[in-house]
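Survey of secondary and tertiary structure
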Amino acid sequence: MQVLAQLIVSGVTVGMIYAVIAFGYQLTFATSKTLNFGQGDALMLGALVGLTTINFLIGLSLGTFAAYLLMLPIVFIFGLIQGSVVEFLGVRQAIKTKSEAGWIMATIALGIIFKNVAENIWGRDALRFPSPLPEASLDVNGVRIQPMEIAIVLGALGLMIAVEIFNRRSIYGKAVVATANDRDAAGLMGIDTRLVITFSYALSSMAAAFAGVLVAPVTLTGATMGAALGLKAFAVAIIGGLSSGIGLIVGGLILGVTENLTGYYISSGYKDVPGLVLLLLVLSLKPAGLFGKTAIKKV
Amino acid sequence: MLQVENLVAGYGKVQVLHGISIAVPQGKLVTLIGSNGAGKTTTLRAVSGMIEPSAGTIRLGGDNITGLPSHRITQRGLAHSPEGRRVFPTQSVTDNLLLGAFPRLTGSRPKGDTGADLEKMFELFPRLKERREQLAGTLSGGEQQMLAMARALMLNPDVLLLDEPSMGLAPKLVEEVFSTIARLKERKTTMLLVEQFAAAALEVADFGYVMENGRISASGPSAQLRNDPAVKAAYLGAAH
C-alpha cells in the first residue's frame, strides 16, 4: 500500500508538469488553431536560463530560496519573449496564408535550433539545479514527499488558475476568449487578433519555462530535458482535450500515475506504453479528448 | 459620414463587387437592398475591413480607411453587426456587450460612461437585461440578434452597419427588430442597413440603394424607390 501511495505521489508531480506544458498547447490552439511543437524546448530553455540566473544570484551571496524567487520573473520574461519569437518566425506567415501544415514544420525546426543553441551554450551534460526548498523528504504516513514536489503541484495549479482569472475578469482576457470564439467577430470589436495570437504564444512559452524551473530542482537540467516532456504533454493535451482545462489536469495525472505504476509493477522498459495506448484509444474512440467538445471540421 | 467610391472587392480570384459607390450622410439611415448574392454582405465586409478591397476608396468622416484591418476601422468609430450575429457563445451577455466597448475600455476611443451605456442597452433591449449573466450561446436567435446590435452600439459608433438583422427570425421578432431600428434612427444614429425585407427597409430608411450582380442598379430617397416601377416589380411584390 505504501509503495502504491508513493508511486501515485510522484506520478501526480510529473503529471502536473505535463498538465502545465499541455496548458501551453491549449492557449495557442484556442486562439489560432496552431501549436508550438517546440514547447518542450521552450521548457528546456526556461530551465537553463533559470539555472544561469539562479547561479549568478547565488554568486551574489543570496540564499537559494531568495535567488529562486528573484529568478522567476526573469524566466517569465524570457519565456514571453521566446514565445513571441516563435510566433513571429514560425507561425504568423502560415496563419496569414492559411497554410495547413507550415507551422508544424516551422515550430519543430525552431525547437531543434533552440536545442542546438542550448547544447552549445550549456554543453551536453545534465546539470544540477539548486533546490530552493529543503531536499529532505517529509514523511507522511510512510510516504516520502519532497517539499519541491508540493511546490510543483501548487505552482502548476497557481499558474493555470491565474490565467483563468485573467481570462474571465479582465477586458484583455475577455478579448483573448473572444478571439478564440470567433476571430473575425473579435476583429470587429476592435481587438487586434494578430496581437492576441502573439500574446498566446508568449504566454504558452512562459508556462513551459515556468514548468522548466519547477521540475528542474527534482530532475536534472540539460539541452535534452525537453523533448520527452513536450511529447508526453502533447499526448496529455490530446487525451484531455484541447478545449478543456480540467481535461488537462486529469489527463496529466492519468499519464503521470500510469507511467509510474507500469514502471514499478511491470517493467521500467514499458513505462511509456500505457499512456500512449491510452492516447491511441482516445483518438479512436473520442477524438475530441476525454473532456473535449466534439468539433467536426466543416469542409 | 461614410463614403464608398468605386469599391471593387471579392474573395480570392472571384470578384463580387464591380465598382460600388454609396454615401451615408450623418444621422441618416441608408438601406442597401437586393436579391441573394447581389453583393450586399460583401459590401459591408469590405467597408469594415473583414476583406481587403482591391480598388476604390472608403472614407469615414473624411479619413481614408481603405485597406485598414478591421480592428483599426472599429477603433475609428465604425461598428459592424455582422451577418449571422456572430455573438461570442462562451461568454455572458454582459461580457459580449463589454467587448463591444473594447476600444473605449482600452483607450483607443474616448471612454465615456460605459456603465451607463450598458444600462441604456438593457433599457433598449429589456430581454437582454433578464439574461445578462447567461452565456450568449444559450440565447434564442432573436435574443442573439438583439445582442449583436446592442454589442455594436456599445462602441458609441459614428456609423453602424447592420447586416440582415431580420434573418431567420419569426415575423413578430422581425417587427421588433425594425421598431428598434426606427428608434435608433430617431436618436440620429448613422446607419447602413442591409436587408432582404426590402419593403420594410425602404419604409424606415431615408435613402436606398438597389444592388444587382455587384453593381448599384438604382438609388435615391427611399420614398422615390418605393414608387419606382422597376424596383416595385423586382423587390417589393405586387401588393405594394
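Numbering of residues begins from 1 in every chain and follows the order in which that chain's sequence is written. Each chain gets a letter, beginning with A, and each ligand a number, beginning with 1, in the order they are written. Note on the predicted model: pLDDT of at least 70 is required for a residue's local features to be given, and 80 or more for side-chain atom pairs to be given and counted; whole-chain, interface and lining totals, by contrast, use all residues. Side-chain figures throughout are based on the complete set of non-hydrogen atoms in the structure, without hydrogens or water.

All names here are of chain A. Under the DSSP-based scheme used, a helix requires at least four consecutive residues in state H or I and a strand at least two consecutive residues in state E, with every element numbered from the N terminus. Of note, Phe 23 is situated in helix H1 (residues 2-32). It is 8.9 Å that separates the C-alpha atoms of Phe 23 and Ile 249, two residues lying 226 residues apart in sequence. When near neighbours in sequence (up to four residues on either side) are disregarded, Phe 23 contacts Met 160, Val 163 and Leu 248. Contacts were defined at the residue level, with two residues in contact if any of their heavy atoms lie within 4.5 Å.

As for its position among the elements, Asp182(A) is in the loop between helix H6 (171-181) and helix H7 (183-188). The rule is simple: take the accessible area with a 1.4 Å probe, protein chains only, and divide by the maximum for that residue type; under 20% is buried, over 50% is exposed, in between is partly exposed. Residue classification places Asp182(A) among the buried positions, given a relative accessible area of 13%. N or O atoms within 3.5 Å of each other form a polar contact, as long as, within protein, one can give a hydrogen and the other can take it, and as long as residues adjacent in sequence are counted only when both atoms are side-chain atoms. Polar side-chain contacts of Asp182(A) include one of 3.4 Å to the backbone nitrogen of Asp184(A). With sequence-adjacent residues up to four places away left out, Asp182(A) is seen in contact with Arg86(B) and Phe88(B).

Residue and element names in this part refer to chain B. Following DSSP output, two strands are said to pair if at least two bridges run between them. Read from one edge of the open sheet, 6 strands run E6-E7-E8-E3-E9-E10, paired in mixed fashion. The outermost strands of the open sheet, each flanked by one partner alone, are strand E6 (78-81) and strand E10 (215-221). In this sheet, neighbouring strand axes are inclined to one another by 15 degrees on average, regardless of whether the strands run parallel or antiparallel. The axes used here are C-alpha line fits, helices contributing only the stretch in contact, and every angle between their N-to-C directions lies in the interval 0 to 180 degrees. Packed onto the sheet, helix H7 (residues 141-153) meets E6 and strand E7 (159-163) and runs at close to 175 degrees relative to E6.

Moving on, we come to a positive patch on the surface. Residues and elements named next belong to chain A. A surface patch of positive charge is lined by Lys 96, Lys 98, Arg 183 and Arg 194. Within the fold, Lys 96 resides in helix H3 (residues 64-96). Since its relative accessible area comes to 61%, Lys 96 is described here as exposed. Candidate patch residues must exceed 30% relative accessible area and have no salt bridge, after which like charges are joined if within 9 Å and Val, Leu, Ile, Met, Phe, Trp or Tyr side chains if within 5 Å. Values of accessible area rely on a 1.4 Å probe in the Shrake-Rupley scheme; residue burial ignores everything except the protein chains shown. What makes a salt bridge here is a side-chain nitrogen of Lys or Arg within 4 Å of a carboxyl oxygen of Asp or Glu, nothing more. When charges are counted, neither His nor the chain ends are considered; positive counts come from Lys and Arg and negative counts from Asp and Glu. Charged side chains are reduced to one point each, which is NZ for Lys, CZ for Arg, CG for Asp and CD for Glu.

Now for unusual backbone geometry. In this structure, Lys98(A) is a non-glycine residue whose phi angle is positive, near 55 degrees. Looking at the element boundaries, Lys98(A) is found in the loop between H3 and helix H4 (102-122). According to the relative accessible area criterion, Lys98(A) is exposed, its value standing at 71%. The phi torsion at Arg85(B) lies on the positive side, around 70 degrees, for a residue other than glycine. Mapped onto the secondary structure, Arg85(B) falls in the loop between E6 and helix H3 (93-100). With a relative accessible area of 16%, Arg85(B) lands in the buried category.

Before going further, it helps to examine the layout of surface pockets. All names here are of chain A. Estimates place the volume of the second largest pocket at around 460 Å³. Considering the residues around the second largest pocket, the lining is formed by 19 residues, among which Val 14, Val 215, Thr 219, Leu 229 and Lys 271 are closest to the centre. Counting residues per element, the lining of the second largest pocket draws most heavily on H1, which supplies 5 residues. Only Asp, Glu, Lys and Arg are considered charged in this grouping, and only Ala, Val, Leu, Ile, Met, Phe, Trp, Tyr, Cys and Pro are considered nonpolar; every other residue, Gly among them, is considered polar. In terms of residue class, the lining of the second largest pocket is made up of 10 nonpolar, 5 polar and 4 charged. The rule is simple: put a 1 Å grid over the protein atoms alone, call a set of points where a 1.4 Å probe fits but cannot get out a cavity, call an open set with protein on both sides within 12 Å along at least five of seven lines a pocket, and count a residue as lining if it has an atom within 4 Å of a point. Grid points are joined across faces, edges and corners, and a volume is the space filled by probe spheres set on the points.

Residue and element names in this part refer to chain A. Only Phe, Tyr and Trp rings take part, Trp by its six-membered ring, and two of them pair if their centres are within 6.5 Å. Stacked means planes under 30 degrees apart, edge-to-face means over 60, and tilted covers everything else. Counting across every chain of the model gives 8 aromatic pairs over all chains. Seen in terms of ring centroids, Tyr 68 and Phe 129 are 6.4 Å apart; in terms of plane orientation they differ by 80 degrees. Their pairing is edge-to-face. With a gap of 61 residues between them, Tyr 68 in helix H3 and Phe 129 in the loop between H4 and strand E1 (138-140) connect regions that are remote in the sequence. What makes Tyr 68 buried here is its relative accessible area of 6%. Where Phe 76 meets Phe 210, the ring centres are 5.3 Å apart and the plane angle is 75 degrees; that geometry is what we call edge-to-face. You can see Phe 76 sitting in helix H3 and its partner Phe 210 sitting in helix H8 (residues 193-215), a full 134 residues away along the chain.

This brings us to the domain arrangement of chain B. Residues and elements named next belong to chain B. Each domain's extent is set by a domain assignment, obtained either automatically or from a database. Domain annotation of chain B identifies domain 1 (1-77 + 158-240) and domain 2 (86-156). Computed from C-alpha atoms alone, the centre-to-centre distance between domain 1 and domain 2 is 23 Å. Of the residues lining the interface, 19 residues belong to domain 1; the matching set on domain 2 comes to 15 residues. The term buried area means the drop in 1.4 Å probe accessible area that two parts suffer when joined, counted for both and summed. Taking both partners together, domain 1 and domain 2 bury about 1500 Å²; carbon and sulfur atoms supply 67% of that area.

Counting residues at the interface gives 22 residues for chain B and 17 residues for chain A. Here chain B meets chain A over a buried area of about 1800 Å², counting both sides, of which 63% is carbon and sulfur. For the chain B face of the interface with chain A, the top three residues by lost area are His71(B), Phe88(B) and Phe102(B), together amounting to 30%. For Lys174(A), the salt bridge goes to Asp95(B), with nearest N and O atoms at 2.7 Å. In this assembly, chain B and chain A are joined by 6 residue pairs in polar contact (both at pLDDT 80 or more).

Once that is clear, we can look at the sheet that holds strand E1 (residues 2-11) of chain B. All names here are of chain B. Here 4 strands make up an open sheet; going across it, the order is E2-E1-E4-E5 and the pairing antiparallel. Each end of this open sheet is capped by a strand with a single partner; those strands are strand E2 (14-24) and strand E5 (63-64). Across 5 bridges, E1 lies against strand E4 (residues 55-60) in antiparallel orientation. When the sheet's bridge partners are listed, Val 8 is paired in E4 with Ala 55. With respect to the sheet, helix H1 (residues 40-47) is in contact with E1, E2 and E4, its orientation differing from that of E1 by roughly 110 degrees.

On to the side chain of Ser205(A). Residue and element names in this part refer to chain A. Its location among the elements puts Ser 205 in helix H8. Residue classification places Ser 205 among the buried residues on the basis of a relative accessible area of 1%. Discounting residues that sit within four places of it in the chain, Ser 205 has contacts with Asn 36, Gln 39, Ala 42, Gly 79, Gln 82 and Gly 83.

The score called pLDDT rates the predictor's confidence residue by residue, from a low of 0 to a high of 100. Summing up the model confidence of chain B, the mean pLDDT is 92 and the portion of residues at 70 or higher is 98%. Complex prediction metrics read pTM 0.92 and ipTM 0.93.

Turning our attention to empty space enclosed by the protein. For the structure on display, the rule yields 1 cavity of 30 Å³ or more. Computed from the structure, the largest cavity encloses a volume of approximately 40 Å³. Lining the largest cavity we find Leu188(A), Met189(A), Thr74(B), Ala79(B), His80(B), Gly100(B), Arg151(B), Ala152(B) and Leu155(B).

The next subject is the nonpolar core. Residues belong to a common nonpolar core when they are buried Ala, Val, Leu, Ile, Met, Phe, Trp, Tyr or Cys residues joined through side-chain atoms within 4.5 Å. Ile17(A), Ile21(A), Tyr68(A), Met71(A), Phe129(A) and Val213(A) are the most contacted members of the largest nonpolar core, which has 67 residues in total. By residue number, the principal contributor to this core is H8(A), which donates 12 residues.

This part covers the environment of Leu105(B). With respect to the helices and strands, Leu105(B) occurs in helix H4 (residues 102-105). Ignoring any residue separated from it by four or fewer positions in sequence, one finds Leu105(B) in contact with Ile171(A), Leu98(B), Lys111(B) and Thr114(B).

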